[in-house]
Amino acid sequence: ACRGLGSSAHRAREDSWLKSLFVRKVDPRKDAHSNLLAKRETSSLYKLQFHNVKPECLEAYNKLCQEVLPKIHEEKHYPCALVGTWNTWYGEQDQAVHLWRYEGGYPALNEVMSKLRQNKEFIEFRKERGNMLLSRKNQLLLEFSFWNEPVPRDGPNIYELRSYQLRPGTMIEWGNYWARAIRFRQDSNEAVGGFFSQIGQLYMVHHLWAYKDLQTREDIRNAAWHKPGWDELVYYTVPLIQEMESRIMIPLKISPLQ
């Protein structure tokens, strides 16, 4: 009988140990990840658009955007602003990337969309633009609290959009590590903005950087590895990533980020 009791206790310990290998314990949270990571002092919502343009139409597409977008979105009664607009130089070719800010969050987005549906010039613009596109997608984003606010800057610059598809459930870890890592990348004022997705492709992170040219980019990135602590933070963030992509982009003439 004693041997039977001892054997049962031993099996129970083994089962408990095996479960500990496969069942991950998580700390209970009383707030959404977006509230923990996003800037509390602002209620801005961002929209990131990717337009894949027919190769023969890219020049006409850029001309159309530069003629129409400033007239529409600089109107005072539209609570949104164009943060930046680019063509991808290295990465996916014949692609346009637009970043918008809606000051006031989702109500501001709804207000802008409602007004644009009544704007005849914008309706014609969308129709003409649609004939030039192969595909398009967008995401709604929030800013990380520890990143710079993206503000207009003089050029000429090239921009790098680094996009990370994270493993589900790792956004808080990513934010904790990058809250420390960002201090290693401020010396040359290259950090423009950092965002994470709310709608669209989820668990997506986008880091936007500005550089004088490709060689400056290489020099700045290499210099980070000589700073104590940068290598450790990279070591811990890499396992959180499922996929990553880098785009080198050139701003259009109407872009506030030059």
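One numbering rule holds for all chains: residues counted from 1, following each sequence as written. At least 70 in pLDDT is required for a residue's local features to be given in this predicted model, at least 80 for side-chain atom pairs to be given and counted, and no such filter applies to totals for whole chains, interfaces and linings, which use all residues. Side-chain numbers come from the whole structure's heavy atoms, not from hydrogens or water.

Asker: Please explain the packing of aromatic side chains as it appears in this structure.
Answerer: To describe a pair of aromatic rings, you give the distance between the ring centres and the angle between the ring planes. Any Phe, Tyr or Trp ring, taking Trp's six-membered ring, that has another such ring centre within 6.5 Å forms a pair; planes under 30 degrees apart are called stacked, those over 60 apart edge-to-face, and the others tilted. For the structure on display, the rule yields 16 aromatic pairs. A ring pair is formed by F122 and F125, whose centres lie 5.7 Å apart and whose planes are at 45°; its orientation type is tilted. Of this pair, F122 and F125 are both found in helix 5 (residues 120-130), three residues apart, which corresponds to roughly one turn of the helix. Centre to centre, the rings of W225 and W230 are 6.4 Å apart; their planes meet at 85°, and the pair counts as edge-to-face. For W225, a relative accessible area of 48% translates into the label partly exposed. Under the DSSP-based scheme used, a helix requires at least four consecutive residues in state H or I and a strand at least two consecutive residues in state E, with every element numbered from the N terminus. Burial here depends on accessible area, computed with a 1.4 Å probe over protein chains only, as a share of the maximum for the residue type. Under 20% is buried, over 50% is exposed, and the range in between is partly exposed.

Asker: Can you walk me through helix 3 (residues 58-73) in this structure?
Answerer: Think of an α-helix as turning once every 3.6 residues; residues three or four places apart then point the same way. For helix 3, which comprises 16 residues, the first-to-last C-alpha distance of 21 Å matches the rise-based estimate of 22 Å (1.5 Å per residue) to within 8%. We define the bend at each residue as the angle formed by axes fitted to the 7 residues ending at it and the 7 residues starting at it. The largest bend in helix 3 amounts to roughly 25° and is located at C65. By the burial criterion, the buried members of helix 3 are L58, Y61, N62, L64, C65, V68, L69, I72 and H73. Working rule for helices: expected span equals 1.5 Å times residues minus one.

Asker: What is the right way to read a nonpolar patch on the surface from this model?
Answerer: By definition, no residue in a patch forms a salt bridge, and every one has over 30% relative accessible area; like charges are joined within 9 Å, nonpolar side chains (Val, Leu, Ile, Met, Phe, Trp, Tyr) within 5 Å. All accessibility values rest on the Shrake-Rupley procedure with a 1.4 Å probe; residue burial counts only the protein chains present in the view. A side-chain nitrogen of Lys or Arg and a carboxyl oxygen of Asp or Glu constitute a salt bridge if their distance falls within 4 Å. Where nonpolar side chains cluster on the molecular surface, the patch consists of W89, Y90, L214 and I250 and spans about 350 Å² of accessible area. Looking at the secondary structure, you find L214 in helix 7 (residues 214-224). For L214, a relative accessible area of 33% translates into the label partly exposed.

Asker: I tried to follow the packing of helix 3 against helix 5 on my own but got confused; where do I start?
Answerer: The relative placement of two packed helices is expressed as an angle between their axes plus a distance between the axes. The N-to-C vectors of helix 3 and helix 5 enclose an angle of 160°; their axes lie 11 Å apart at closest approach. The angle between helix 3 and helix 5 places the two elements in the roughly antiparallel class. Note that helix 3 runs across helix 5; the crossing there is left-handed. Residue-level contacts link Y61, L64, C65, V68, L69, K71 and I72 of helix 3 to E121, F122, F125, E128 and R129 of helix 5. Residue composition of the contact of helix 3 with helix 5, grouped by class: eight nonpolar, no polar and four charged. Under this scheme, a helix contributes an axis fitted over its contacting stretch, all axes are lines through C-alpha atoms, and angles between N-to-C directions fall in the 0 to 180 degree range. Roughly parallel refers to an angle under 35 degrees, roughly antiparallel to one over 145, roughly perpendicular to one between 65 and 115, and oblique to any angle outside these ranges. Handedness of each helix crossing follows the sense of rotation of the near helix against the far helix: counterclockwise by less than a right angle gives left-handed, clockwise gives right-handed. What makes two residues a contact is simply this: any of their non-hydrogen atoms within 4.5 Å. Throughout, the ten residues Ala, Val, Leu, Ile, Met, Phe, Trp, Tyr, Cys and Pro are labelled nonpolar, Asp, Glu, Lys and Arg are labelled charged, and all others, Gly among them, are labelled polar.

Distances and angles like these do not, on their own, reveal function.
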